[in-house]
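Notes for the structure review
Below, each chain spelled out in residue letters.
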Amino acid sequence: MAIAAAANENLAHISNVLIYSAMAVYTLAFLAHIAEWVFGSRSAVGRTAAAITTEAGAARAAAGASAQGGGTAVLERPKVVTRAATGSRDVPDGPGAAGTSEKGDVYGRIAVSLTVLSFLLHAGSVLTRALSVQRAPWGNMYEFSTTFGMTVVGVYLGLLVFKKNVRWLGLPLTTTILLDLGLAVSVLYTESDQLVPALHSYWLWIHVSCAILSGAALWVGACSTLLFLFRDGYEARLVEGRTGAGLRRHLDELPQDRKYARFKAKLALRTDDPMSRLPSAATLDKLAYRVNATVFPLWTFTIVAGAIWAEAAWGRYWGWDPKEVWSFITWVAYACYLHARATAGWKGRKAAYIALAAFGCYIFNYYGVNIFVTGKHSYAGV
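The text that follows walks through the structure, step by step, so that each part is easy to find. Keep in mind that what you see is a predicted model, and the values were worked out from it rather than measured.

1. A closer look at the overall build of the protein
Scanning the protein from terminus to terminus reveals eleven helices and two strands. For the protein, the proportion of its 382 residues judged to be buried stands at 46%. Within the protein, contacts between residues separated by at least 24 positions form 82% of all contacts whose residues are at least 6 apart in sequence. With an accessible surface of roughly 18,600 Å², the protein has 66% of that area assigned to carbon and sulfur atoms.

2. Considering the pattern of salt bridges
Scanning the model with the defined rule gives nine salt bridges in all. The shortest N-O distance in the salt bridge between D105 and R167 comes to 3.0 Å. With D105 in helix α2 (residues 102-133) and R167 in the loop between α3 (141-161) and α4 (170-186), this residue pair connects regions lying 62 residues apart in the sequence.

3. Some remarks on helix α9 (residues 281-314)
Compared with an ideal rise of 1.5 Å per residue, which puts 34 residues at 50 Å, α9 spans 47 Å between its outermost C-alpha atoms and is within 8% of the ideal. A maximum bend of about 30° is found in α9 at F296, where proline P297 lies one to four positions downstream. Trailing α9 by a residue or two, G315 shows a phi angle of about 80°, which is positive.

4. Focus: the packing of α3 against helix α11 (residues 349-372)
Viewed as axis vectors pointing N to C, α3 and α11 meet at an angle of 155°, and their least axial separation amounts to 11 Å. The orientation of α3 with respect to α11, classified from their angle, is roughly antiparallel. Of the two elements, α3 crosses α11, and the hand of that crossing is left-handed. Packed against α3, whose contacting residues are M141, F144, S145 and F148, the element α11 presents Y362, Y366, Y367 and N370 at the interface. Residues belonging to the contact of α3 with α11 are distributed by class as follows: six nonpolar, two polar and no charged.

5. So, the packing of aromatic side chains
Following the criterion strictly, the structure yields 16 aromatic pairs and no others. The interplanar angle of 70° and the centroid separation of 5.5 Å between the aromatic rings of W299 and Y362 together place this pair among those described as edge-to-face. Remark: Y362 occurs in helix α11 and W299 occurs in helix α9; sequence separation between them is 63 residues. Relative accessible area serves as the criterion here: at 3%, Y362 is assigned to the buried category.

6. Remarks on the packing of α2 against α3
Between two packed helices, what matters for the description is the angle formed by their axes and the separation of those axes. α3 packs onto α2 with a crossing angle of 145° between their chain directions and a minimal axis gap of 10 Å. Here the hand of the crossing between α2 and α3 comes out left-handed. Residues V112, T115, V116, F119, H122, A123, V126 and R129 of α2 pack against Y142, E143, T146, T147, G149, M150, V153, G154, Y156, L157 and L160 of α3. Residues that form the contact of α2 with α3 fall into these classes: eleven nonpolar, six polar and two charged.

7. Considering the side chain of D180
You can see D180 is positioned in helix α4. It is K323 that comes nearest to the buried, bridge-free D180 among opposite-charge side chains, at 12 Å. At 3.3 Å, the side chain of D180 and the side chain of Y366 are in polar contact. If sequence neighbours within four positions are ignored, D180 has contacts with S145, F148, G149, Y366 and Y367.

Thresholds applied
- Residues numbered from 1 in each chain as written.
- Predicted model: local features only at pLDDT ≥ 70, side-chain atom pairs only at ≥ 80, totals over all residues.
- Heavy atoms only, no water.
- Helix = DSSP H or I, 4+ residues; strand = E, 2+ residues; numbered from the N terminus.
- Buried < 20%, exposed > 50% of the residue type's maximum accessible area, 1.4 Å probe, protein only.
- Contact = heavy atoms within 4.5 Å.
- Areas by Shrake-Rupley, 256 points an atom, 1.4 Å probe, with all protein chains shown as cover.
- Salt bridge = Lys/Arg side-chain N within 4 Å of Asp/Glu carboxyl O.
- Expected span 1.5 Å × (residues − 1).
- Bend = angle between axes of the 7 residues up to and from the residue.
- Axes fitted to C-alpha atoms, helices over the stretch in contact; angles between N-to-C directions.
- Parallel < 35°, antiparallel > 145°, perpendicular 65-115°, else oblique.
- Left-handed = near helix turned anticlockwise from the far one by under 90°.
- Nonpolar A, V, L, I, M, F, W, Y, C, P; charged D, E, K, R; others polar.
- Phe/Tyr/Trp six-rings, centres within 6.5 Å; stacked < 30°, edge-to-face > 60°.
- Lys, Arg positive; Asp, Glu negative; His and termini not counted.
- Polar contact = N/O pair within 3.5 Å; in protein donor to acceptor, adjacent residues only side chain to side chain.

It is worth stressing that arrangement in space is one thing and function is another; only the former is reported here.
Quick look at the structure:
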């Protein structure tokens, strides 16, 4: 028995080392994703400033000649094409986090490679934690959090494998995972141990794994929804001419004797707004809807499976336990979102607000109920 116990402790220690190693690599991936956005941005500004300087110098050399029309090589914002339908618009997707900068793209590829490496370390930590006690690795809040984070990264990498244009999710992904794991190892950590008798059931594998997978997909939907709101506001300003693109349309109208003013205005004009490099609002909205609509049946099954497990463990399908209540509230919120999407007057931003509120319910069910509310579903050791 002493040898078995030591082996379990060794595996638990290896799991801890792997999770901290994964956090270190996630941090490097986070920095690389930042570099992808920042260096892509600087490259655009540099080319814009150089082109403007060249244009101004040529104008001075020509003693006021006005032969510089269209000579500024900049990273143009997406051109807006307004549809015939009132209030709708059709904007092409942005070029991505790296823009059209080769340097930014290199940092993006490095970031994805580091994310893959950290995912492997993360998965190794979850696996060795499971082997240390010979059970599913989600018997307490710490294990649930680490497995949840691993699944979120797995969903992201899976989308990349299937050639989906989601690399822009890398920065919010690594930020979220670092926060999740930081909270897990500092506040939620629980020693590797056996489960209470009520949790010894094959439903542990079914119910909790579905909850984790649902939450990972809902995170992608929530992140897409949040960015949709920012991008939608950006596109609205773009159409109304309240952005740099609108300013540029009026620069050529300035008299030639105000060249210095034209130069300053162009130099101040940033053509590499991060919002311009995101997918269009329509694309983000469509992605969020498809993800939420696809995962909603799985979340429904998660609740049903939990009820069946509750009957086997406690002799009743539903007891209005806080966890059960908030799971149902989350289900109702996402059902309202899907209904809003089918209702003409509630599409777009109104439906997006409902989706974010629904994900907020999931997060409260994830952290708040388990930590602050006492109930049969409260995880041991927290």
